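This is what each chain is made of:
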Amino acid sequence: MIYHSSGRSAKCTTCKTSLFPRYNPVVIMILTCGDRVLLGRSKRFPGRMFSALAGFIDVGEDIETAVVREINEEVGISVSREAVRYVTSQFWGGYIRGFSPELMVGCEVALSNCTPPTPTEEIEEATWFSVDEIRDALARSKDFPHKPELLYVPPPFASAHQLLKRWVSRWCPTHS
């Protein structure tokens, strides 16, 4: 596959077919409550690997509505659209992973009450973590192999890592 410099088309090097790939918009978000953050663990994650919640934006849905819906679907917590704050975005993946590429739209939702999560079939476990726990997990996010008793978060190139790093830096200004 050879991509055109504009990024809007690609040509198969074998059959010379022109393709016009699309990417899927995805929301990825952290829920915060003071110095605590809610993360989820997918069934496919190893050990104590936790990450931000995420999900595809449905056709016709805006970012805030998708964040509200995904939080409710994944951990059973109701939040308002007004609590959703855009933080960052990142192009993710592409055909090298065997999936269509995605535009990750990173958001934060600040809550005044640390509502206990009720994970659904999409999430195996969801837990509120302290800023100290996340700071330590960020520091070891590149360590392999993982120690099963320790908390891990996605590596630095991931949107979830960047959302958590920004959040931790508000509590620990020397953390970068």
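Residues numbered from 1 in each chain as written. Predicted model: local features only at pLDDT ≥ 70, side-chain atom pairs only at ≥ 80, totals over all residues. Heavy atoms only, no water.

**Structural notes on the state of the cysteines**
Item 1. Under the criterion given, the structure shown has one disulfide.
Item 2. Each disulfide pairs two cysteine sulfurs, and for Cys-33 the partner residue is Cys-114, the sulfurs being separated by 2.3 Å. Taking the sign of the S-S torsion, about -105° here, the bridge from Cys-33 to Cys-114 comes out left-handed. Linking Cys-33 in strand 4 (residues 24-33) with Cys-114 in the loop between strand 8 (102-110) and strand 9 (125-130), this pair joins segments that are 81 residues apart in sequence.
Item 3. A relative accessible area of 9% places Cys-33 in the buried class.
Item 4. Take Cys-114: its relative accessible area is 28%, and that puts it in the partly exposed class.
Item 5. With no disulfide of its own, Cys-12 lies closest to Cys-15 among cysteine sulfurs, the gap being 3.7 Å.
Item 6. Looking at Cys-172, it has no disulfide partner, and the nearest cysteine sulfur is the one in Cys-114, 17 Å off.
Item 7. By relative accessible area, Cys-172 is classed as buried at 13%. (Disulfide = S-S within 2.5 Å. Helix = DSSP H or I, 4+ residues; strand = E, 2+ residues; numbered from the N terminus. Buried < 20%, exposed > 50% of the residue type's maximum accessible area, 1.4 Å probe, protein only.)

**Let's talk about helix 1 (residues 63-75)**
Item 1. With 13 residues, helix 1 should reach 18 Å at 1.5 Å per residue; the first-to-last C-alpha distance of 18 Å fits that figure.
Item 2. Three or more residues of helix 1 are buried, namely Ala-66, Val-67, Arg-69, Glu-70, Ile-71, Glu-74 and Val-75.
Item 3. Contacts from the buried residues of helix 1 go to strand 4, strand 5 (36-41), strand 6 (53-56), strand 7 (84-92), strand 8 and strand 9.
Item 4. You can read the cap of helix 1 off the contacts: a side-chain oxygen lies 3.3 Å from the backbone nitrogen of Glu-64, and it is on Asp-62.
Item 5. Positive backbone phi, at 65°, marks Gly-76, one or two positions downstream of helix 1. (Expected span 1.5 Å × (residues − 1). Contact = heavy atoms within 4.5 Å. Polar contact = N/O pair within 3.5 Å; in protein donor to acceptor, adjacent residues only side chain to side chain.)

**Regarding the packing of aromatic side chains**
Item 1. A full pass over the atoms with the stated rule returns one aromatic pair.
Item 2. Ring geometry for Phe-50 and Phe-129: centres 4.9 Å apart, planes at 70°, overall edge-to-face. Taken together, the positions of Phe-50 in the loop between strand 5 and strand 6 and Phe-129 in strand 9 put the pair 79 residues apart, joining distant regions of the chain.
Item 3. For Phe-129, a relative accessible area of 3% puts it in the buried group. (Phe/Tyr/Trp six-rings, centres within 6.5 Å; stacked < 30°, edge-to-face > 60°.)

**With respect to the nonpolar core**
Item 1. By size, the foremost hydrophobic cluster in this structure holds 22 residues, and its most contacted members are Ile-30, Val-37, Leu-39, Ile-134 and Leu-164.
Item 2. Elements with a minimum of two residues in this core: strand 4, strand 5, helix 2 (131-139) and helix 3 (159-171).
Item 3. Broken down by element, the residue count for this core peaks at five residues, all from helix 3.
Item 4. Beyond its immediate chain neighbours, meaning those up to four positions away, Leu-39 contacts Ile-30, Phe-50, Ser-51, Ala-52, Glu-125, Ala-126, Thr-127, Phe-129, Ile-134, Val-153 and Leu-164.
Item 5. Of all hydrophobic cores here, the second largest spans 21 residues; its members include Val-27, Ile-57, Val-105 and Ala-126. (Core = buried A, V, L, I, M, F, W, Y, C linked by side-chain atoms within 4.5 Å.)

**Observations concerning the pattern of salt bridges**
Item 1. In total, this model carries eleven salt bridges according to the counting rule given.
Item 2. Among the ionic pairs, Arg-69 bridges to Glu-73, the shortest N-O distance being 3.3 Å. One end of the pair, Arg-69, and the other, Glu-73, are both in helix 1, four residues apart, so they sit about a helical turn from each other.
Item 3. Glu-73 sits in the partly exposed class, given a relative accessible area of 32%.
Item 4. A salt bridge links Arg-135 to Asp-132; the shortest N-O distance between them is 2.8 Å. Placement of both Arg-135 and Asp-132 in helix 2 is noted, with a separation of three residues, approximately one turn of the helix.
Item 5. Classification of Arg-135 as partly exposed rests on a relative accessible area of 27%.
Item 6. Overall, Asp-132 belongs to the partly exposed group, its relative accessible area being 41%.
Item 7. Each of Asp-58, Glu-61, Arg-69, Glu-70 and Glu-73 takes part in salt bridges that share partners, so that together they form one network. (Salt bridge = Lys/Arg side-chain N within 4 Å of Asp/Glu carboxyl O.)

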